[in-house]
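Per-entry structural report
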Amino acid sequence: MASAPPVRVTSTPVQSHSPSTSGSPSTTGSLATAGSASGNGSAPSAKTTVPPAADQGEFSLVVATGAGKISTSVDAISVASGQPVDPPHETAAQWATAVWVEQSSYPSGWSDGTSYVYGHACHHHVCPFTNLKDAVVGDRVIITTASSTLTYRIGQIGLSAKSARSLPSWASDSTVPDRVVLVTCAFEQGDTSTQNIVVVARLQAVRAR
Amino acid sequence: MALGLAGFALMLLQGTLGKGGAAAHAAGVQEISAKALTSHGCDDTEWHFVITSVDSEALAPPTIQVTWANGASADVKLSAFTGGVAHYRTEANLDSIVTSATATIYDGWSGQFNLSHGPCATPPPSSTPPPPPSSTPPPPSSSTPPSTPPPSSSTPPSSSTPPPSSSSAPSSPGSASTTAAAAAVTTSSPPFVPGAGQTGDSPPSSGLPLRTVLLTTGLGLLGCASVLGLQLLRRRGNHT
């Protein structure tokens, strides 16, 4: 575990980004499908408004891979721009919890940016993203917040050097809406890890709860 | 001796320079600099300076020397004198910002020399910020000096006064207020840049060996106690 600057973790509601909602009528309870989720940074053409989240607190995340489900709760973490993200790991519960960077957009229906979620991958602890290496393009990522269930589809997976100041360009633009980026460690040999696994998933559907 | 003669000659030479020279200072005047250059009122139509607590209009400086961030400078004439306040107005360089304004006034004056109002680079604080920056600053034009002097009210640039220009970039760094204004104009902070994840783990380093050592030690002590106890019982048995 590399030394990282101290970070603040909070489970209380945070107010960093408010989801951008249009003025169109909401379709509570309906399944909305994104119009164009493949374009880089392009917002879906026909946006269906989902009521904004009542809060921006903890949410759950599931990655449905061919090898099984990865399921974790996601807390919030505050990290300075360009700084490494080291999710808390003082307790077993912290090892097992992923973190959403509150400086990025909160997962929501038609967000105004990218949501970044970091989680540990472990050999000696129970960690949320240990099996993220099994994810492949096309797998679904399902995020459940207090107000909605968001379904993303993995569109890109790659490696990124931990020594880099930021994630690769295809994942580092935090202004690209309607996507989530998952980051964890990639183990090369034994416990050696010099790279991150970076998974980019785009929003496909939103279901209000 | 020679040094004294040279000094005397220099004094005589300066005496011929008229007002503004060092001799003028010796005659009971002082050079003053305007304040409130960064916190003036907003008025896009003119630059308006005031010197307060002037004893009479005759004692008011006939001109003040103003320098702008675009490199221009000008002598601004006294435009009005009311109630002991001298007013100086100019409509030059409204697209720039004032970096310094100086004047020479009689010794013993103790009023205020302020930039009363002038163009503001940013809208008033109560108004909402402009939409996201869609317009980039204009490219450097020929009328814009290649390098703008650093902000200083006491060291105006020595460049000559160019003609008033409306094409000069108003966003050249001139003062602290300029920096703040530029930050306000460009609005929000840069987007978040996600860093690398320190998301691996390693075997617990100190827990397992310590547990092993304690366990081994405990077992050893238990074994020793058992042996000693057994020997003690055997000795007692022999005596009885």
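All names here are of chain A. Model confidence for chain A is summarised by a mean pLDDT of 78, while 74% of its residues fall at 70 or above. The spread of mean pLDDT over the elements of chain A runs between strand E2 (residues 31-33), the lowest at 36, and strand E6 (residues 114-118), the highest at 97. Scored below 50 in pLDDT, residues 1-54 makes 114 contacts in the model with residues more than four places away or belonging to other chains.

A few words on the environment of Ala64(A). Mapped onto the elements of the fold, Ala64(A) is located in strand E3 (residues 59-65). Other than its neighbours up to four places away in sequence, Ala64(A) contacts Lys69(A), Asp139(A), Arg140(A) and Ile142(A).

This next bit is on the interface of chain A and chain B. Counting from both sides, the interface comprises 42 residues of chain A and, opposite them, 14 residues of chain B. Elements with a contribution of two residues or more to the side of chain A that touches chain B: E6 and strand E9 (179-186) of chain A. No other element matches E9(A), which puts 4 residues into the side of chain A that touches chain B. A breakdown of the residues in the side of chain A that touches chain B according to their chemical character gives 20 nonpolar, 18 polar and 4 charged.

Membership of the largest hydrophobic core comes to 43 residues, with the highest contact counts inside it found for Val99(A), Val117(A), Leu132(A), Val181(A) and Val199(A). Counting only elements with at least two residues in this core, the list comes to E3, strand E4 (68-78), strand E5 (98-101), E6, strand E7 (140-144), strand E8 (148-161), E9 and strand E10 (195-208) of chain A. Among the elements that line this core, the one with the most residues is E10(A), at 8 residues. Counting residues in each nonpolar core, the second largest holds 22 residues, with Val66(B), Ile97(B), Ala103(B) and Leu115(B) among its members.

Along any regular strand the residues' side chains alternate between the sheet's two faces. Residue and element names in this part refer to chain A. Taking burial as the measure, the 5 residues of E6 include 5 buried ones, the bulk of the element. Where burial is concerned, the two faces of E6 agree: the one with Thr114, Tyr116 and Tyr118 and the one with Ser115 and Val117 are both buried. Pairing analysis gives 2 bridges linking E5 to E6, with the strands arranged antiparallel. Bridge pairing in E6 links Val99 to Tyr118. In terms of strand pairing, E6 meets E9 through 5 bridges, oriented parallel. Bridging from a neighbouring strand, Tyr118 pairs with Val183 of E9.

Conventions used here
Residues numbered from 1 in each chain as written. Chains lettered and ligands numbered in written order. Predicted model: local features only at pLDDT ≥ 70, side-chain atom pairs only at ≥ 80, totals over all residues. pLDDT = per-residue confidence, 0-100. Helix = DSSP H or I, 4+ residues; strand = E, 2+ residues; numbered from the N terminus. Contact = placed C-beta atoms within 7 Å. Nonpolar A, V, L, I, M, F, W, Y, C, P; charged D, E, K, R; others polar. Core = buried A, V, L, I, M, F, W, Y, C linked by C-beta atoms within 7 Å. Buried ≥ 20, exposed ≤ 12 C-beta atoms within 10 Å, placed from the backbone. Pairing = 2+ DSSP bridges.

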